[in-house]
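Given next are the chains, with one letter for each unit.
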Amino acid sequence: MATRPFHSIQALRAIAALLVVLFHLQIVEDKYTAGMPLLPGFIRHADSGVDLFFVLSGFVMTTIAAGSYGSPRQAGRFLVRRSWRVLPPYWFYTSVVLALMLLAPGIANSAYRHQDILASYLLWPQTQLPLLTVGWTLIHEMFFYLVMAGMIAFARETWLPALLLGWGALTLAAHFLLDAGAPWQQVASSPLTLEFIAGALVGLYWRHLPAPMALPVAVAGALGLAGAMLLLSEAGGPPPSMAMRLYAFGLPAALLTLGLVRWERAGSPRVPLPLLRIGDSSYSLYLSHVFVISAAGRLWQASGWNHGPCQSGAFIALTVLACIGAGWASWRWLEQPLQRLRPGRRTPRPDTAAASG
């Protein structure tokens, strides 16, 4: 039976993508401004949008996989759908990076010159980041899909909570007790996997949260996420470890998702349409924003209008708008046409149309 789409999930996708945009924009502002940077220090931890994305992905996967367990055929369909959703747009932008590195060395991805090109395209873990650096998160995403496909193929749906908890326990044990080993072992033992698992558990149990608790839980999650960014900024030091990210960002993101989804179903709060549209195009925004920000930073420096706070404010606002516009254009004219070409595509159910990510 089809269910109504989760507008709150689309809104959270938009927020997650915009956080990542601000994170990379802060790096470019620091590099190209001739005055004091305008973006506050806690934006250095706005990559917490990645952790929110992971939680949302876990939620969506258990939602769209409901009723399909114990079937290798359904597992194959799941992998085809998820791979087609992720890979073709990623391959397009990876190819853009490769072309830039061959034709104009130093313009794109200049900090990483020794990637394995095939591994980058296949999202296979390597010692360097992929050619398209944001692809490192997609490596974790595809690993989650592979394990989920195994559960869909061979497990009963009633086993899923125990399997998810067991997977989480094994991941933590491997992370803390075993040596890091090869890159693929680092991915398999990463605590970031528990963010997907937390989202998956939210997808299974959100209905059990009492409706009066929904908004307080969502507020607690939002405050926890913002508070962690502020505290880490005040503390200074290196970026948080993967385990620290789980506690600082992953758990608040799970609470935020749980609270908003339950609140939506309890009272159907109105989500602003622009936020929904950014949520629709969030994957394209995530893949394309690094190109827009890099180009905007170079143009800003060349213009000479990079000295005062007003000029910095205009640069930030215009660049964010340009990123949103490029993401929407990519979604409209690249991502959507590619999805219509998916093998075995059928007309999507309302729940999967809005929740697929």
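Please read these numbers as outputs of a predicted model, since none were measured by experiment. (Residues numbered from 1 in each chain as written. Predicted model: local features only at pLDDT ≥ 70, side-chain atom pairs only at ≥ 80, totals over all residues. Heavy atoms only, no water.)

Right, let's get into the environment of Arg77. Within the secondary structure layout, Arg77 lies in helix α3 (residues 72-103). Judged by its relative accessible area of 27%, Arg77 is partly exposed. For the pair Arg77 and Ser284, spaced 207 residues apart in sequence, the C-alpha separation works out to 23 Å. (Helix = DSSP H or I, 4+ residues; strand = E, 2+ residues; numbered from the N terminus. Buried < 20%, exposed > 50% of the residue type's maximum accessible area, 1.4 Å probe, protein only.)

This paragraph deals with the packing of helix α2 (residues 48-64) against helix α10 (residues 242-267). At their nearest, the axes of α2 and α10 sit 9 Å apart, and the two run at 50 degrees to each other. With respect to each other, α2 and α10 are oriented oblique. Handedness of the α2/α10 crossing: right-handed. Across the interface between the two elements, Ser48, Val50, Asp51, Leu52, Val55, Leu56 and Phe59 from α2 touch Arg245, Phe249, Gly250, Ala253, Ala254, Thr257 and Val261 from α10. The residue makeup of the contact of α2 with α10, split by class, is nine nonpolar, three polar and two charged. (Axes fitted to C-alpha atoms, helices over the stretch in contact; angles between N-to-C directions. Parallel < 35°, antiparallel > 145°, perpendicular 65-115°, else oblique. Left-handed = near helix turned anticlockwise from the far one by under 90°. Contact = heavy atoms within 4.5 Å. Nonpolar A, V, L, I, M, F, W, Y, C, P; charged D, E, K, R; others polar.)

Attention now moves to the nonpolar core. Most often, soluble globular proteins have nonpolar side chains that are buried together. Ranked by size, the top nonpolar core spans 87 residues in total, and within it Leu132 and Leu287 carry the most contacts. In terms of nonpolar packing, the next biggest core, distinct from the first, is built from 10 residues, Phe23, Leu225, Ala228 and Ala248 among them. (Core = buried A, V, L, I, M, F, W, Y, C linked by side-chain atoms within 4.5 Å.)

Next up on the list: the packing of aromatic side chains. The description of an aromatic ring pair rests on the distance of the ring centres and on the angle between the ring planes. The full count for this structure, using the stated rule, is 13 aromatic pairs. When the ring of Phe144 is compared with that of Trp167, the centres are 5.7 Å apart and the planes differ by 10 degrees; the resulting orientation is stacked. Taken as a pair, Phe144 in helix α5 (residues 135-154) and Trp167 in helix α6 (residues 160-177) lie far apart in primary sequence, 23 residues in all. By relative accessible area, Phe144 is classed as buried at 0%. On the basis of relative accessible area, Trp167 is assigned to the buried category, the value being 10%. A network of ring pairs unites the aromatic residues Phe54, Phe143, Phe144, Trp167 and Phe196 as a single cluster. (Phe/Tyr/Trp six-rings, centres within 6.5 Å; stacked < 30°, edge-to-face > 60°.)

The next thing to look at is a nonpolar patch on the surface. Residues Leu118, Leu122, Trp124 and Trp184 make up a contiguous nonpolar surface patch of about 500 Å² in total accessible area. Topologically, Leu118 is positioned in helix α4 (residues 117-122). (Patch = residues over 30% accessible without salt bridge, like charges linked within 9 Å, V, L, I, M, F, W, Y side chains within 5 Å. Areas by Shrake-Rupley, 256 points an atom, 1.4 Å probe, with all protein chains shown as cover. Salt bridge = Lys/Arg side-chain N within 4 Å of Asp/Glu carboxyl O.)

Before going further, it helps to spend a moment on the confidence of the model for the protein chain. Per-residue confidence for the protein chain gives a mean pLDDT of 92; residues scoring 70 or more make up 93%. The model gives residues 348-357 a pLDDT under 50, and that stretch makes 21 contacts with residues more than four places away or in other chains. (pLDDT = per-residue confidence, 0-100.)

Moving on: α3. In this model α3 runs 44 Å from its N-terminal to its C-terminal C-alpha over 32 residues, within 8% of the 46 Å that 1.5 Å per residue would give. Along its length, α3 reaches its greatest deviation from straightness, about 30 degrees, at Trp84, and the proline Pro88 lies no more than four positions downstream. (Expected span 1.5 Å × (residues − 1). Bend = angle between axes of the 7 residues up to and from the residue.)

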